[in-house]
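Residue-level structure breakdown
Listed here are the chains, written in short residue letters.
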Amino acid sequence: MDPTIEIAVRLAAFAAVFAVMAAWELLAPRRELSVGRKPRWPGNLGIVIVDALAVRLLIPTAAAGTALIAAERGWGLLNMLATPGWLAAILGFLLLDLLIYAQHVVFHHVPVLWRLHRMHHADLDIDVTTGGRFHPIEILLSMLIKIAAVLAFGIPAVAVVIFEVVLNATSMFNHSNVAMPERLDRVVRWLVVTPDMHRAHHSIERRETDSNFGFNLPWWDRLFGTYRSAPEAGHVAMTLGIPIFHDRRELRLDRLLTQPFRNDQAAEPVSARSRAGAAADVSDSVGSVKPS
Ligand SMILES: [Zn+2]
Ligand SMILES: [Zn+2]
């Protein structure tokens, strides 16, 4: 695909899904936001721009460019086996999705990686913008891991581009604060991770944080025993975030960027404080979330 067309497709898909989810959140919100959009969106959208620039400047070939080189030179399993294009594309997509799931599990369980990833979890509300709120170092590491997989398996460029566009869209979808009828959610969550499914992953409770790792296909969580149907406190009453960063000041772009390098005692997702203690901190700093 022509690089200009590829960038246009990526941007158009991002803008369209973002607009639809942002409008849906306004029309039918799932939870009342505790701090709202205004204090959060500049930081969350700022980090999306920082991430895009970081990848483009530091790893300009990215995963799709690497896939073209691998295909040309016959590198990677699928290229060596001369797998038919359609089959290689489907297998490539599934492999990338499984890889992102596995990477997410590892980023939760290795303390130094959790420091990078916890910034995603520290958002005081979750909505469409949380879907792109990842630390640039996590994004760069993720890109290197994807590139390694592309080289090892010979994943075709078309699968890489489709996967990245779809993952971007599903991440915005499943972080959005939208109310979906329960019966519809029950069906949809067999095909794609839904907002109710992913919200449990943003719980302040450690055992809930360490569940529902999927961002796109929901099957890996069910297959590997990390699936949780709902947060214990319920979707409206549950508390979101990371206790040590439960502060409005932590929503600023500069604070987001420095979070991995601060607060040594917080190498774990949830500090040793009791749930009651954590909940008290939340109401002190941001106000408790009221049922809508
Ligand atoms: Zn996570
Ligand atoms: Zn998330």
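Residues numbered from 1 in each chain as written. Chains lettered and ligands numbered in written order. Predicted model: local features only at pLDDT ≥ 70, side-chain atom pairs only at ≥ 80, totals over all residues. Heavy atoms only, no water.

Digging into the overall build of the chain
The condition that has to hold: For the purposes of this entry, the term helix denotes a DSSP run of H or I that reaches at least four residues, the term strand denotes a run of E that reaches at least two, and both are numbered from the N terminus. Residue contacts follow a heavy-atom distance rule, with two residues in contact if any of their heavy atoms lie within 4.5 Å. Note on areas: these come from Shrake-Rupley sampling with a 1.4 Å probe, and a residue is covered only by the protein chains present in the view.
Scanning the chain from N- to C-terminus turns up 14 helices and zero strands. Listing each helix as α and each strand as β along the chain from the N terminus yields α-α-α-α-α-α-α-α-α-α-α-α-α-α. Contacts spanning at least 24 positions in sequence make up 77% of the contacts within the chain whose residues lie at least 6 apart. Surface accessibility of the chain: about 13400 Å² in total, with carbon and sulfur atoms responsible for 70%.

Notes on the coordination of the zinc ion (ligand 2)
This is how it is decided: With water omitted from the atoms examined, metal sites may look incomplete; donors here are N, O and S atoms no farther than 2.8 Å from the metal, or 3.2 Å in the case of Na, K and Ca. For a four-donor site, all angles between 85 and 135 degrees give tetrahedral; for four or six donors, opposite pairs above 155 degrees with the remaining angles between 65 and 115 give square planar or octahedral; all remaining cases count as irregular. Exposure classes here rest on a 1.4 Å probe applied to the protein chains alone. A residue is buried below 20% of its type maximum, exposed above 50%, and partly exposed in between.
Looking at the zinc ion (ligand 2), one finds its protein donor set to be H120 (NE2), H175 (NE2), H198 (NE2) and H202 (NE2), positioned 2.1 Å from the metal centre. Coordination geometry of the zinc ion (ligand 2): the four donor atoms subtend angles of 89 to 160 degrees at the metal centre, consistent with an arrangement described as irregular. Read N to C, the donor residues that coordinate the zinc ion (ligand 2) are spaced as H-x54-H-x22-H-x3-H. Here the zinc ion (ligand 2) and the zinc ion (ligand 1) are spaced 5.6 Å apart. Of this pair, H120 sits in helix 6 (residues 111–121) while H198 sits in helix 10 (residues 195–199), and the two are 78 residues apart along the sequence. Each member of the pair, H120 together with H198, is buried.

Some details on the packing of helix 5 (residues 85–109) against helix 7 (residues 136–153)
For clarity, the threshold we go by: Simply put, an axis is a line fit to the C-alpha atoms, just over the touching stretch for a helix, and the angle between two N-to-C directions goes from 0 to 180 degrees. In these notes the angle categories are as follows: under 35 degrees is roughly parallel, over 145 is roughly antiparallel, 65 to 115 is roughly perpendicular, and the rest is oblique. For any pair of crossing helices, the crossing counts as left-handed if the nearer helix is rotated counterclockwise from the farther one by less than a right angle, and right-handed if it is rotated clockwise. Nonpolar residues are Ala, Val, Leu, Ile, Met, Phe, Trp, Tyr, Cys and Pro. Charged residues are Asp, Glu, Lys and Arg, and all others, Gly as well, are polar.
At a closest axis distance of 11 Å, the pairing of helix 5 and helix 7 adopts a crossing angle of 140 degrees. The angle between helix 5 and helix 7 falls in the class oblique. The two elements helix 5 and helix 7 cross, and the hand of that crossing is right-handed. Contacts between helix 5 and helix 7 involve L95, L96, L99, I100, Q103 and F107 from the first element and E138, L141, S142, I145, K146, A149 and F153 from the second. When the residues that make up the contact of helix 5 with helix 7 are grouped by side-chain class, the tally is nine nonpolar, two polar and two charged.

Some points on helix 1 (residues 3–27)
Here is the rule: For a helix, the expected span equals 1.5 Å multiplied by the residue count minus one.
The terminal C-alpha atoms of helix 1, which comprises 25 residues, lie 36 Å apart, in line with the 36 Å expected from a rise of 1.5 Å per residue. Every buried residue belonging to helix 1 is among E6, F18, M21, A22 and E25, and all of these are buried. Those residues of helix 1 hidden inside the fold are in contact with helix 2 (41–58), helix 3 (62–73) and helix 8 (157–175).

Focus: the side chain of H201
Spelled out, the test is: In the analysis that follows, any N or O atom pair within 3.5 Å is treated as a polar contact, provided that within protein one partner can donate a hydrogen and the other can accept it, and provided that, for residues neighboring in sequence, both atoms belong to side chains.
Structurally, H201 is set in the loop between helix 10 and helix 11 (206–209). A polar contact of 3.5 Å, which involves the side chain of H201, links it to the backbone oxygen of N212. Not counting residues up to four positions away in its chain, the partners in contact with H201 are H104, H108, H117, H121, E208, T209, S211, N212 and F213.

A look at the coordination of the zinc ion (ligand 1)
For the zinc ion (ligand 1), the full set of protein donor atoms is H104 (NE2), H108 (NE2), H117 (NE2), H121 (NE2) and H201 (NE2), and the range of their distances to it is 2.1 to 2.2 Å. Relative accessible area serves as the criterion here: at 0%, H117 is assigned to the buried category. Of the residues examined, H201 reaches a relative accessible area of 0% and is grouped as buried.

Focus: unusual backbone geometry
With phi around 50 degrees, A62 is a residue other than glycine that occupies positive phi space. The residue A62 is located in helix 3 in this model. Judged by relative accessible area, A62 falls into the buried class, the value being 17%. We note that N212 has phi near 50 degrees; this positive angle belongs to a residue other than glycine. Its place among the elements puts N212 in the loop between helix 11 and helix 12 (219–223).

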